[in-house]
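# Overview (structure and organization)
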Amino acid sequence: MNDEPTPRRATRRGVLAGGLSLLGAGCLGSSRGGNGGGGESDAQSLASHPVGTNLDAQPTLGPAPGEATATIVAFEDPSCPRCATFERQTVPKIRSELVAAGDATFVVRTIPVVYPWGEPAIHALEATFARDADAFWALAGHYFDEQDAFGPDNVLDRTESFLAAEAGVDAEDVVADAENEAYADAVEADRSASESADVSGTPTVFLFRDGAYRTRATGSVSFDFVTGALDL
């Protein structure tokens, strides 16, 4: 893709105490806006909103969160078909028209809520991100592009094959870390943020302008919705 924005790499991920589980079917819902849910009426700024917790440690395209006019935080599951549609139809425009121009920051937080293979995939994504941000974005794109090829019995084998062929990371070590859940703290950080923000389906997108919360949408999130809500 032309004008591909430069990804930022964080140097640490948040550490949470205890194990949390996200309940819900995921990949559900339709676009909705407003100030309801997730304590948003009491947390209108990016700094105080639940999705802003540990935001600097998340996979990010564009300026640091809060530095651009707009910040877009998307909760996604690599196994979610609606997330794949969002990634095909909306995210490329966000990248090329908003992020590349420096008008917006795009942040991804991953949560396993749809098919069983999503959870080991997310552990592999966290292990990959800890090593190389470009490899993270490549692997995430591979999951969305090839969703029908993945299942709980083959996801890590196919992940290793892809990383070995396409990314500059040690694929064997990534898979070993995913199997051992070496980055469980990072996975739990995103789960906790999603629960605190009352995320019940994927993709769920939170939109902020000038550090202030604007609205959220779940399900079929169009580029026109994003730009309209952000006045971009």
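Residues numbered from 1 in each chain as written. Predicted model: local features only at pLDDT ≥ 70, side-chain atom pairs only at ≥ 80, totals over all residues. Heavy atoms only, no water.

### Here's the deal with the overall build of the chain
Summing up its helical and strand segments, the chain has 8 helices and 6 strands in all. Reading the chain from its N end, one meets helices and strands in the order β-β-β-α-α-β-α-α-α-α-α-β-β-α. Taken over 232 residues, the chain has a buried fraction of 53%. Here the analysis covers contacts within the chain between residues at least 6 apart in sequence; of these, 76% occur between residues at least 24 apart. As displayed, the chain has an accessible area near 9600 Å², and 43% of this comes from carbon and sulfur atoms. (Helix = DSSP H or I, 4+ residues; strand = E, 2+ residues; numbered from the N terminus. Buried < 20%, exposed > 50% of the residue type's maximum accessible area, 1.4 Å probe, protein only. Contact = heavy atoms within 4.5 Å. Areas by Shrake-Rupley, 256 points an atom, 1.4 Å probe, with all protein chains shown as cover.)

### Digging into the pattern of salt bridges
On inspection of all chains with the given rule, the structure shows 6 salt bridges. The closest approach of N and O atoms between E119 and R191, which form a salt bridge, is 2.2 Å. Of this pair, E119 sits in helix α3 (residues 118–129) while R191 sits in helix α7 (residues 184–196); the two residues are 72 residues apart in sequence, bridging distant segments of the chain. Owing to a relative accessible area of 8%, R191 belongs among the buried residues under this scheme. (Salt bridge = Lys/Arg side-chain N within 4 Å of Asp/Glu carboxyl O.)

### Describing the nonpolar core
If you look at the biggest cluster of nonpolar residues, it comprises 44 residues, and the most contacted ones within it are I72, F86, F106, Y143 and L163. Among the elements that line this core, the one with the most residues is helix α4 (residues 133–145), at 7 residues. If we skip the residues at most four places from it in the chain, Y143 touches P78, W117, A121, A124, L125, F150, V155 and T159. (Core = buried A, V, L, I, M, F, W, Y, C linked by side-chain atoms within 4.5 Å.)

### Considerations on the packing of aromatic side chains
Applying the stated criterion across every chain yields a total of 7 aromatic pairs. Measuring from ring centre to ring centre gives 5.2 Å for F136 and W137, while their planes differ by 85 degrees; the resulting arrangement is edge-to-face. F136 gets classed as buried once you look at its relative accessible area, which sits at 2%. Judged by relative accessible area, which is 12%, W137 ranks as buried. Ring-pair connections join several aromatic residues into one group, and the members of that group are W117, Y143 and F150. (Phe/Tyr/Trp six-rings, centres within 6.5 Å; stacked < 30°, edge-to-face > 60°.)

### Considerations on the confidence of the model for the chain
When pLDDT is averaged along the chain, the result is 86; 81% of the residues meet or exceed 70. The low-confidence segment residues 1–6, where pLDDT is below 50, has 9 contacts with residues more than four positions distant or belonging to other chains. Below a pLDDT of 50 lies the segment residues 29–42, which in the model reaches 39 contacts outside its immediate sequence neighbourhood of four places, other chains included. (pLDDT = per-residue confidence, 0-100.)

### Some words on the pairing of strand β6 (residues 212–218)
The element β6 is largely enclosed, with a buried count of 5 among its 7 residues. Sheet topology places strand β5 (residues 204–209) next to β6; 6 bridges connect them, and they run antiparallel. Looking across to β6, one finds that T204 is bridged to T218. The antiparallel pairing of β5 with β6 creates a hairpin that spans 2 residues between the two strands, and D210 there sits at a positive phi of about 50 degrees. (Pairing = 2+ DSSP bridges.)

### A closer look at helix α6 (residues 171–180)
Among all positions of α6, only A171, V174, V175, D177 and A178 are buried. Taken end-on, α6 shows its buried residues confined to a sector of 160 degrees, consistent with a single buried face. Exposed residues pointing more than 90 degrees away from the buried face of α6 are listed as E172, E179 and N180. Each element contacted by the buried residues of α6 is listed here: α3 and α5 (155–166). A side-chain oxygen of the first residue of α6 lies 3.2 Å from the backbone nitrogen of E172; this N-cap is D170. Directly beyond the C-terminal end of α6, a positive phi value near 55 degrees is found at E181. (Arc of directions from axis to C-beta. Polar contact = N/O pair within 3.5 Å; in protein donor to acceptor, adjacent residues only side chain to side chain.)

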